[in-house]
Amino acid sequence: MHKILAKTLFVGQKIHFVPECQSTNDMAADLLKNESVVEGAMVVTDKQTNGRGQRGNTWESSAGKNLTLSIILKPKFLTPRDHFQLHYITSLAVCTTLLRYFRDVKIKWPNDLLIKGKKICGILIENNIRGRSIENSIVGIGLNVNQSSFDYALATSFVDLSGQDYSREEILTILLEQIESKYLMLKAGRLEELKKEYLRHLFRIGDSALYEAAGVQFTGTIQGVDEEGRLIIATANDVRYFEFKEVKFIY
Ligand code: BTN
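Computed from a predicted structure; not experimentally measured. In every chain, residue numbers begin from 1 and rise along the written sequence. Totals for whole chains, interfaces and linings use every residue, but because this is a predicted model, local features are given only for residues with pLDDT of at least 70 and side-chain atom pairs only at 80 or more, for both listing and counting. Side-chain metrics rest on all non-hydrogen atoms present in the structure, leaving aside hydrogens and water.

## A look at the sheet that holds strand S2 (residues 42-48)
Here the rule is simple: two strands pair whenever DSSP picks up at least two bridges between them. The way it works is that DSSP assigns letters per residue, a run of H or I at least four long becomes a helix, a run of E at least two long becomes a strand, and they are numbered from the N terminus. Strands sit in the order S1-S2-S3-S7-S6-S5-S4 across an open sheet of seven strands; the sheet is mixed. In this open sheet, the two strands that pair with only one neighbour each are strand S1 (15-21) and strand S4 (105-108). Averaged over all pairs of adjacent strands, the angle between their axes in this sheet comes to 20°, without regard to strand direction. Where S2 meets strand S3 (residues 67-73), four bridges bridge the pair, whose relative direction is antiparallel. When the bridges of S3 are listed, Thr45 appears paired with Thr68. Sitting on the sheet, helix H2 (residues 84-99) touches S3, S4, strand S5 (112-115), strand S6 (118-130) and strand S7 (133-143), and the angle it makes with S6 is about 150°. Helix axes use the C-alpha atoms of the stretch in contact, all axes being lines fitted to C-alpha atoms, and the angles between their N-to-C directions lie in the range 0 to 180 degrees. The contact definition used throughout considers only heavy atoms, calling two residues in contact when any of these lie within 4.5 Å.

Below you can see the structure in the form of structure tokens.
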């Protein structure tokens, strides 16, 4: 995992591989305390002892089976208000990678990757703000590859979907190239293209479905995502905007 030869300028060119760590996001944060860490540096491990997920959840991943990594970006061209743009590029990079292997890949807002309605990848992005800029960003990715059983019924993996094992190195190489490509698009001001592509793959967009907010279930249709990354859902009576954690998808 430390000998990845991605055709990139900077993403994944500096690799910090550790056989085991608490969390690659935590390790990346430690590296950032040392000013000399280069943009695109990646921390990757075979085993996390305290993998962290969104909403304070833990991220479970069998040792040596999956991809658990964090990439350090320095998107100083973004303001804190633009933070969702990092979700666009990361979820799209994973989506494009998965589409090399499978069909019917969906992005569940804000950034879960689903195949056949089951979660194959989770993303945890943690930003450090300085003044009006995002000084650096830790993009943590957990992608299920060769793990065949899960405690969580709505989880899946490459092997679960196809019955065969895959090369984690090969998948990681594609992923790194995709992250750099989408990041450079963003840096070049091509946000609208990225947003359009994200919406094209968005789970449930345009479909009437069930949600829950503040303990109340309602039927609505996802219309898109606003500038601050809020999910836009139209109901029979109005159009509602939700921050992350404010709305639950009901199945
Ligand atoms: C989620 O809850 O869906 C996000 C999961 C993110 C997991 C990855 S694994 C690599 C990185 N290190 C962590 O501790 N978490 C992220």
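## Here we look at the sheet that holds strand S8 (residues 208-213)
Picture the strands of a sheet paired through backbone hydrogen bonds; they go either parallel or antiparallel. Strands sit in the order S11-S10-S9-S8-S12 across an open sheet of five strands; the sheet is antiparallel. With partners counted over all chains shown, the strands left at the sheet margins are strand S11 (239-242) and strand S12 (248-249), one partner each. Of the strand pairs in this sheet, strand S10 (residues 231-234) and S11 are connected by four bridges, and their pairing is antiparallel. Across the sheet, Ala234 pairs through a bridge with Val239, a residue of S11.

## A closer look at helix H1 (residues 24-32)
Each residue is assigned to one of three classes by its accessible area relative to the maximum for its type, calculated with a 1.4 Å probe on protein chains only: buried under 20%, partly exposed between the two thresholds, exposed over 50%. When we look at burial in H1, the residues that qualify are Thr24, Asn25, Ala28 and Leu32. The buried residues of H1 occupy an angular sector of 100° when the element is viewed end-on, so they sit on one face. The elements touched by buried residues of H1 are S1, S2, S3, S6 and S7. Polar contacts, as counted here, are pairs of nitrogen or oxygen atoms within 3.5 Å of one another; within protein the pair requires one atom able to donate a hydrogen and one able to accept it, and residues that are adjacent in sequence qualify only if both atoms are side-chain atoms. Two to three positions downstream of the cap, the backbone nitrogen of Asn25 sits 3.2 Å from a side-chain oxygen, assigning the N-cap of H1 to Ser23. Our arc is simply the arc of the directions from the helix axis toward the C-beta atoms.

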